[in-house]
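Summary of the model geometry
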Amino acid sequence: MALENATSESVFFDSVVLSSNLGSLYTGILSGVTVWKVILSFLVCITIYDQVSYVTKKGSIAGPRFKLYPIIGPFLESVNPKFEAYKAKWASGPLSCVSVFHKFVVIASTRDLARKIFNSPTYVKPCVVDVAIKILRPTNWVFLDGKAHVDYRKGLNGLFTRKAMSVYLPGQEEIYDKYFKIFLKMSEEGHVPFMHVFREINCATSCRTFCGHYISEEQVKVIADQYYLITEALELVNFPIILPFTKAWYGKKAADMTLDIFQQCAAKSRKAMEAGGDVTCTMDAWIKEMLDARDNVKKDDGTSGVSIRVFNDKEISETIFTFLFASQDASSSATTWLFQILADRPDVFAKVREEQLRVRDYDVNKRLTIDMVDKMTYTHMVVKEALRYRPPVIMVPYLVKKDYPISPDYTVPKGSMVIPTVYPALHDPEVYPEPETFNPDRWVGDDSLANKAPKNWLVFGTGPHVCLGQNYAVMNFVCMIGKAALCMDWTHEVTPLSEEIKVFATIFPQDNCKLKFTNREIAT
C-alpha cells in the first residue's frame with residue numbers, strides 16, 4: 001500500500017511537472033508570435049499552395065513555368081491588355097495557360113481545338129466574368145445549360161428569320177438617317193475620333209430593332225451613354241466582387257436601368273399585340289408568335305396545334321438585354337473597322353457605291369427592302385472580309401463543368417476556364433493567302449479557297465451556342481455601310497496608331513478612327 005501510494009504520488013508529481021514544462025514551452029512559443037508573423041506564415045502557405053496548384057494544372061502545355069506574380073498572376077497586365085501579347089500567347093502552342101487570382105485559364109489557338117470546345121456542351125458551358133451573373137441577373141437564359149437552353153432557344157428562332165428582318169429594316173434605316181446627319185455635323189470640326197459615335201449608332205439601331213417605338217429617343221440616348229459602364233464591368237479580368245464605386249458597381253446600376261426600360265417596353269408591346277397591332281420590332285414579333293401559338297394550341301377539330309414556351313415581360317427584358325450585350329461591342333468594332341477600311345481603299349469604296357446605286361435602279365431615295373439587300377453581293381463580300389480581317393470577337397470564354405480531355409495529352413481540370421480563339425483560324429494562310437491583306441475578292445464564287453473552308457469561318461462561333469442573330473448582324477452592317485457610301489463621302493486621317501489594335505471587350509483602332517464626312521449632292 002505504501003508503495004502504491006508512493007507510485008501514485010510520483011505519477012501525480014511527474015504530471016504536474018510535465019504540465020508546468022509544457023505550459024512554459026507554449027508560453028515561450030506564443031510570446032515569440034506576432035500578428036505579422038501569423039499573416040506572413042499564412043501568405044507563404046497560400047503562395048506555395050497557389051504555385052503547386054498552378055504547376056499541377058499546367059502540366060505539359062505552354063505557359064510560364066511558375067506564376068511570376070504570386071496569387072494575382074498577370075492581373076496588372078490584363079487590366080490593359082495588349083493585342084501583340086495575345087498573338088504571342090496563341091503562337092506559343094495549340095494549348096497555353098495563365099492563372100489570374102483563383103482562375104486557371106486554358107487558351108486553345110487552333111481551328112480544330114476551337115471547334116471542339118464550341119461543340120462540347122457535355123464538358124463546357126459559355127461563361128463570362130464572375131460578376132456577370134449579378135449584372136445580367138441569375139435568371140437570365142445565357143446561364144442555362146443543356147435541355148433547358150435548347151428549349152429556351154427554340155422560342156427565339158423566329159426572331160431573326162428573313163420575314164422578321166424585313167420588318168426591322170424601316171426602323172434601322174430611320175436610325176441611319178438620323179446618325180448620318182450627326183456624322184456630318186461632327187465633321188464640321190475636321191477629322192475627329194468616331195469610335196464612340198459608332199457605339200451610339202449601333203446601340204440606337206439595336207434598341208429600335210428590338211424595342212421599336214416603345215422606347216423613347218431619350219431612353220436610347222441614356223442606354224447608349226451608360227452601356228460603356230456595362231462593358232467595363234464585364235471585362236475578362238476584373239474585380240470579382242461588386243463594391244461601391246467600382247467598375248462592377250457602376251455596370252450593375254447601368255444594367256438594372258436598361259433592364260427596367262426593356263421590361264416597360266415589353267409590357268407596351270404585349271398590350272399592342274393583344275390589341276391586334278402591327279409587328280414593328282423584335283418584341284412585337286416574339287409576343288405575336290406567343291399569342292398565335294396560344295390560340296393554336298387547340299384547333300376546331302380538337303387536335304393540338306403548334307405551341308412555344310410562353311415568356312413573361314421580365315424574361316423578355318433579360319433576353320433582349322443579352323441580344324444587346326451580344327451585339328453592342330462586337331457591332332461597334334465591326335462598324336469602326338468598316339468605315340476606316342473603305343476610307344483607306346477608294347477602289348473598294350467605289351465598287352460598294354456603284355452596287356448601291358444599281359440595286360436601287362439609280363433612285364438614291366429608294367428605301368431599303370430585304371429583296372434589295374439580297375442583291376448587294378459585293379457589299380456582302382466587303383462585310384464578310386472585314387469580319388475576317390478584323391474579327392470583333394477574338395476569344396469566347398467557357399467554364400469547364402467536369403474534367404475535359406481536350407487532347408490525347410492534356411485534360412483541362414474541372415472549374416477552369418477554357419477559351420477558344422478564333423483569330424488564328426481566320427488568319428490561316430493556307431485558307432486565306434496573305435491573311436493580313438484586306439481582299440473582298442477572296443469570297444468570289446462558291447469554289448473559292450475561302451468559301452470552300454467553312455470550318456475556318458468562326459466569326460459567329462459554331463455548335464449549340466452559335467450566334468442566334470448572325471444574319472441580322474451582317475444585314476445591319478451591309479445596310480449601314482451601303483447607305484453611307486450612297487449618301488456621303490468620308491476620309492480617314494491616318495496616324496501611326498490607325499492599324500494598331502487595342503482590346504476593349506473587342507478590338508478597335510488605337511486612335512479611335514479619325515474620320516471626316518461630307519454630304520454628296522446626288523443624295524440631296
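Conventions adopted
Residues numbered from 1 in each chain as written. Predicted model: local features only at pLDDT ≥ 70, side-chain atom pairs only at ≥ 80, totals over all residues. Heavy atoms only, no water. Helix = DSSP H or I, 4+ residues; strand = E, 2+ residues; numbered from the N terminus. Buried < 20%, exposed > 50% of the residue type's maximum accessible area, 1.4 Å probe, protein only. Contact = heavy atoms within 4.5 Å. Areas by Shrake-Rupley, 256 points an atom, 1.4 Å probe, with all protein chains shown as cover. Pairing = 2+ DSSP bridges. Axes fitted to C-alpha atoms, helices over the stretch in contact; angles between N-to-C directions. Salt bridge = Lys/Arg side-chain N within 4 Å of Asp/Glu carboxyl O. Phe/Tyr/Trp six-rings, centres within 6.5 Å; stacked < 30°, edge-to-face > 60°. Lys NZ or Arg CZ within 6 Å of the ring centre and 35° of its normal. Left-handed = near helix turned anticlockwise from the far one by under 90°. Nonpolar A, V, L, I, M, F, W, Y, C, P; charged D, E, K, R; others polar. Core = buried A, V, L, I, M, F, W, Y, C linked by side-chain atoms within 4.5 Å. Patch = residues over 30% accessible without salt bridge, like charges linked within 9 Å, V, L, I, M, F, W, Y side chains within 5 Å.

Named according to an unreviewed UniProt entry, the chain is Cytochrome P450 originating from Lipomyces orientalis.

**Side note on the overall build of the chain**
Scanning the chain from terminus to terminus reveals 18 helices and 12 strands. Burial analysis of the chain (524 residues in total) assigns 48% to the buried set. Pairs at least 24 residues apart make up 72% of the contacts formed inside the chain by residues separated by at least 6 positions. Entry remark: accessible area of the chain is about 25200 Å², with carbon and sulfur atoms responsible for 60%.

**What to know about the environment of Y378**
Positionally, Y378 belongs in helix α16 (residues 377-389). A relative accessible area of 13% places Y378 in the buried class. Measuring from C-alpha to C-alpha, the distance between Y378 and V348 comes to 9.2 Å, with 30 residues separating the pair along the chain. With residues near it in sequence (within four places) discarded, Y378 still touches V348, K351, V352, E355, P440 and D441.

**Some details on the sheet that holds strand β4 (residues 192-193)**
Strand order across the open sheet formed by 3 strands is β4-β12-β9, with antiparallel pairing between neighbours. Two strands in the sheet have a free side with no partner beyond their single neighbour: β4 and β9 (488-492). Looking at chain direction, β4 and strand β12 (residues 514-519) are connected through 2 bridges and run antiparallel. The residue of β12 that forms the bridge with V192 is L515. Helix α18 (residues 470-487) contacts β9 and β12 of the sheet and is inclined by roughly 100° relative to β9.

**Brief notes about the pattern of salt bridges**
Here the structure, examined in full by the defined rule, presents 25 salt bridges. Ionic pairing is found between K221 and E200, a salt bridge with its closest N-O pair at 3.4 Å. Here K221 is found in helix α10 (residues 217-233), whereas its partner E200 is found in helix α9 (residues 195-211), with 21 residues between them in sequence. Exposure remark for E200: the relative accessible area of 15% places this residue in the buried category. Between D313 and R270 there is a salt bridge, and its shortest N-O distance comes to 2.9 Å. Separated by 43 residues along the polypeptide, D313 in helix α13 (residues 313-344) and R270 in helix α11 (residues 247-274) bring together distant segments of the chain. Each member of the pair, D313 as well as R270, carries the same accessibility label: buried.

**Considering the packing of aromatic side chains**
In this description, an aromatic ring pair is defined by two values, namely the gap between the centres and the angle between the planes. All told, the structure shown has 32 aromatic pairs when counted by the stated rule. Residues Y176 and F180 carry aromatic rings whose centres are separated by 6.3 Å and whose planes lie at 15° to one another, so their mutual orientation is stacked. Remark: F180 and Y176 occur in helix α8 (residues 162-186); sequence separation between them is 4 residues, near one turn of the helix. The exposure classification of Y176 matches that of F180, with both residues buried. Here the aromatic rings of F210 and F323 are separated by 5.8 Å at their centres, their planes lie at 55°, and the arrangement is tilted. Within this pair, whereas F210 is found in helix α9, its partner F323 is found in helix α13, the two being separated by 113 residues in sequence. Considered together, F210 and F323 belong to a single accessibility category, that of buried residues. Three or more aromatic residues joined by ring pairs form one cluster here, namely Y176, F180, F183, F194, F198, F339, F349, W490 and F517. Seen from the ring of Y432, R388 lies directly overhead, with NZ or CZ sitting 5.2 Å from the centre. For R390, the ring lying beneath its charged end belongs to Y389, and the centroid distance is 4.1 Å.

**A word on the packing of α13 against α18**
Between α13 and α18, the least distance of the axes is 11 Å, while the angle of their chain directions is 35°. Handedness of the α13/α18 crossing: right-handed. Listed contacts from α18 to S331, A334, T335, L338, F339 and L342 of α13 are F477, M480, I481 and A484. Residue composition of the contact of α13 with α18, grouped by class: 8 nonpolar, 2 polar and no charged.

**Here's the deal with the sheet that holds strand β1 (residues 95-100)**
Spatially, the 5 strands line up as an open sheet ordered β1-β2-β8-β5-β3, and their pairing is mixed. Either end of the sheet is taken by a strand with one partner, and the two such strands are β1 and β3 (124-126). Averaged over all pairs of adjacent strands, the angle between their axes in this sheet comes to 30°, without regard to strand direction. Alignment of strand β5 (residues 398-400) against strand β8 (residues 417-420), held across 2 bridges, turns out to be antiparallel. In the sheet register, L399 faces β8, and the bridge partner there is M417.

**Thoughts on the nonpolar core**
In this structure, F183, F262, F339 and W490 are the most contacted members of the largest nonpolar core, which totals 146 residues. Beyond its immediate chain neighbours, meaning those up to four positions away, W490 contacts F339, L342, A343, F349, I481, A484, A485, L515, K516 and F517.

**Some words on the pairing of β12**
Sheet analysis places β9 next to β12, joined by 5 bridges and oriented antiparallel. If you follow T491 over to β12, its bridge partner there is K516.

**Digging into the packing of α16 against α18**
Interaxial distance between α16 and α18 falls to 9 Å at its minimum, and their mutual angle equals 115°. Considering only the axes of α16 and α18, their crossing is right-handed. Mapping the contact onto sequence places T379, H380, V383 and L387 in α16 and V474, F477, V478 and I481 in α18. Tallied by class, residues from the contact of α16 with α18 come to 6 nonpolar, 2 polar and no charged.

**Examining a nonpolar patch on the surface**
Nonpolar side chains collect at one region of the surface, where V35, W36, I39, F42, L43 and I46 lie side by side and expose about 650 Å² of accessible area between them. Relative to the helices and strands, V35 is located in helix α2 (residues 35-58). A residue is classified by how much of its surface remains accessible, and V35, at 60% relative accessible area, is exposed.

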